[in-house]
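Inside the fold
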Amino acid sequence: GKHTAGNDEIIAYRKQHLGKSLSLQYKVPIKMVRGAGQYLMDQYGRKYLDTVNNVAHVGHEHPAVVRAGQEQMALINTNSRYLHENINELAKELLETLPPELSVLHFVNSGSEANELAIRMVKSATGQRDIIASEVGYHGNTNMCIDISSYKFDGKGGQGAPEHTHIFPLPDAFRGKYRGKDTGEQYAMEVRHQIDNIQAKGRGVGAFIIEPIISCGGQIELPKDFLAKAYQYVGEAGGLCISDEVQVGCGRMGTTFWGFQLHGVVPDIVTIGKPLGNGHPLAAVACTQEVAERFANGMEYFNTFGGNPVSCAIGAEVLRVVKREKLQSHALAVGNYLKKELIDLAKKFPIIGDVRGQGLFLGIELVDEKMEPLAAQTDYLANRMKDHGILMSTDGPDHNILKIKPPMVFTQENAEELIFYLKGILAEDFMINY
Ligand code: PMP
């Protein structure tokens, strides 16, 4: 029969022949062989509850999405220079969810490619290349994306901000430069300060890019009024506003379909990734007619895979499933329940300093009584949860935030199970005697 490699063999081969800066989850890595809904299964048939994967948006290997891909793959797959209705079908499904100002779409293959294209659009539309971005922001793996990702260039192996990138402090109401819920104006003034810096150099603002909830920053919710004020200042300076919805988009926020809608603003450009293909490489850039026209300066935009009929069949089906299975309101109900339970846990266990997020995009932050981050305890918690078959991820500049962003089919019973085990582990010695 077919040779099935053992985990040691797979690891040894990777070490020798795959990229040297790739990483693996967990000290003892897991080999996953199946996915279904909010569950994954390893090679031993062990079942895991997945609270990490916001890419498997409508559930791992959702049957309708798999079928849409398989059926189209058996018929035709080509680039978008031939006519095909699938690209229009996906466009219609997406545009239905966006405000009327955002009415032009480009399809690409990853979140990085989406942000890369967004920045190219900014350069054509404004003639400027200076970008304002958040501290600990992450926007992708390409040259340009790394150049605007403080999470990378301010981290290990990084060399600090490039000349045309302007970083303002992480708008973290819990442990940031300004603390408390009414800090929106103060953080917006920090953005304004970066606008002044750019102008003092005799240049103009290209764009301001931010996620509506800063994921790599540690599930940081933007303080009230921050985004509206920041957009106003950037707009007045002639810059464009980009909302990076790669993590939070497609209904995950619960109350709104897109993260920027939580803040009553309309960006000039929206980048969409992970959830759109439910695991298939598919991403998109939405922009205004004006930006699209300025970008079409005579140079053709060609993308071999972007907008192909298979990807578009998959994307359109993902958006239909979100609607059909009412996953946005489900995310709101289950997310609210889970957040309330986590807040109750925080009352019993003071190690949980903050509970935050929207819908099924939540975070809990572990700190000591001096508000110092507890990275070892956060890591311990995630590893102990794995022992109970629950996958969780950690993040934030101090590695002390536990992130919860499961497939949207995550149920109230799953939330109850999560709370049950969290409660048990929070009472263990390592979590108490720090
Ligand atoms: N933007 C954000 C906010 C992301 O979290 C990511 C991926 N983690 C990206 C962009 C890049 O997306 P991709 O990995 O699909 O290129």
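Sequence order sets the numbering: in each chain, residues are counted from 1 along the sequence as written. In keeping with the model being predicted, local features are shown solely for residues with a pLDDT of at least 70 and side-chain atom pairs are shown and tallied solely at 80 or more, while totals for entire chains, interfaces and linings include all residues.

Taking an unreviewed UniProt entry as the reference, the protein is identified by name as Aminotransferase class III-fold pyridoxal phosphate-dependent enzyme belonging to Arenibacter arenosicollis.

**Thoughts on the overall build of the protein**
Helices and strands together make up the secondary structure of the protein, namely 14 helices and 17 strands. Computed over its C-alpha atoms, the radius of gyration of the protein comes to 22 Å, within 12% of the 22 Å expected for a compact globule of 434 residues. Principal axes of the C-alpha set define a box for the protein whose edges measure 60 × 60 × 45 Å. Within the protein, the fraction of its 434 residues that count as buried is 51%. Summarising the internal contacts of the protein: among those between residues at least 6 apart in sequence, 73% fall at separations of at least 24. Segments assigned H or I by DSSP are reported as helices when at least four residues long, segments assigned E as strands when at least two residues long, and all are numbered from the N terminus. For this measure, only C-alpha atoms enter the radius of gyration; the expected value for a globule follows 2.2 Å times N^0.38, where N is the number of residues. Exposure is read from a count of other C-beta atoms within 10 Å of each residue's own; the residue is exposed at 12 or fewer, buried at 20 or more and partly exposed in between. C-beta atoms are placed from the backbone. Placing a C-beta atom from the backbone of each residue, one calls two residues in contact when those atoms lie within 7 Å.

**Considering the nonpolar core**
Membership of the largest hydrophobic core comes to 117 residues, with the highest contact counts inside it found for V234, A284 and V285. Those residues in contact with A284 that lie beyond four places of it in its chain are L94, L105, H106, F107, V108, A114, I272 and L276. The term nonpolar core means buried Ala, Val, Leu, Ile, Met, Phe, Trp, Tyr and Cys residues held together as one set by C-beta atoms within 7 Å.

**Comments concerning the environment of V291**
With respect to the element layout, V291 can be found in helix α9 (residues 289-295). In this structure V291 comes out as buried when scored by C-beta crowding, with 22 C-beta atoms within 10 Å. Setting aside residues up to four positions removed in sequence, V291 forms contacts with M121, A125, L240, D268 and I269.

**A look at the site of the ligand**
As a structural note, the neighbourhood of the ligand is formed by 14 residues, with S110, G111, S112, G140 and V246 the closest of them. Top contributing element to the shell around the ligand by residue count: helix α4 (residues 111-126), with 3 residues. In this classification, the charged set is Asp, Glu, Lys and Arg, the nonpolar set is Ala, Val, Leu, Ile, Met, Phe, Trp, Tyr, Cys and Pro, and all remaining amino acids, among them Gly, are polar. Split into classes, the residues belonging to the shell around the ligand amount to 2 nonpolar, 10 polar and 2 charged. Using a C-beta atom placed from the backbone, a residue is described as near a molecule or strand when that atom lies within 6 Å of it.

**Examining unusual backbone geometry**
Despite not being glycine, Q219 has its phi angle at roughly 55 degrees, a positive value. By the secondary structure assignment, Q219 is in the loop between β8 (213-214) and β9 (220-221). The class of Q219 is buried, set by 27 C-beta atoms lying within 10 Å. Unlike most non-glycine residues, D225 shows phi in positive territory, near 70 degrees.

**Section: the packing of helix α2 (residues 63-75) against helix α10 (residues 309-324)**
Lines fitted to C-alpha atoms define the axes, with helix axes restricted to the stretch in contact, and inter-axis angles between N-to-C directions lie between 0 and 180 degrees. Between α2 and α10, the shortest axis-to-axis distance is 8 Å and the interhelical angle comes to 155 degrees. Compared by their axis directions, α2 and α10 come out roughly antiparallel. In the crossing of α2 with α10, the sense of the turn from one axis to the other is right-handed. Across the interface between the two elements, A64, V65, A68, G69, Q72 and M73 of α2 pack against P309, V310, A313, I314, E317, V318 and V321 of α10. Within the contact of α2 with α10, the residues separate by chemical class into 10 nonpolar, 2 polar and 1 charged. An angle counts as roughly parallel when it lies under 35 degrees, as roughly antiparallel when it exceeds 145, as roughly perpendicular when it falls between 65 and 115, and as oblique in every other case. Handedness of each helix crossing follows the sense of rotation of the near helix against the far helix: counterclockwise by less than a right angle gives left-handed, clockwise gives right-handed.

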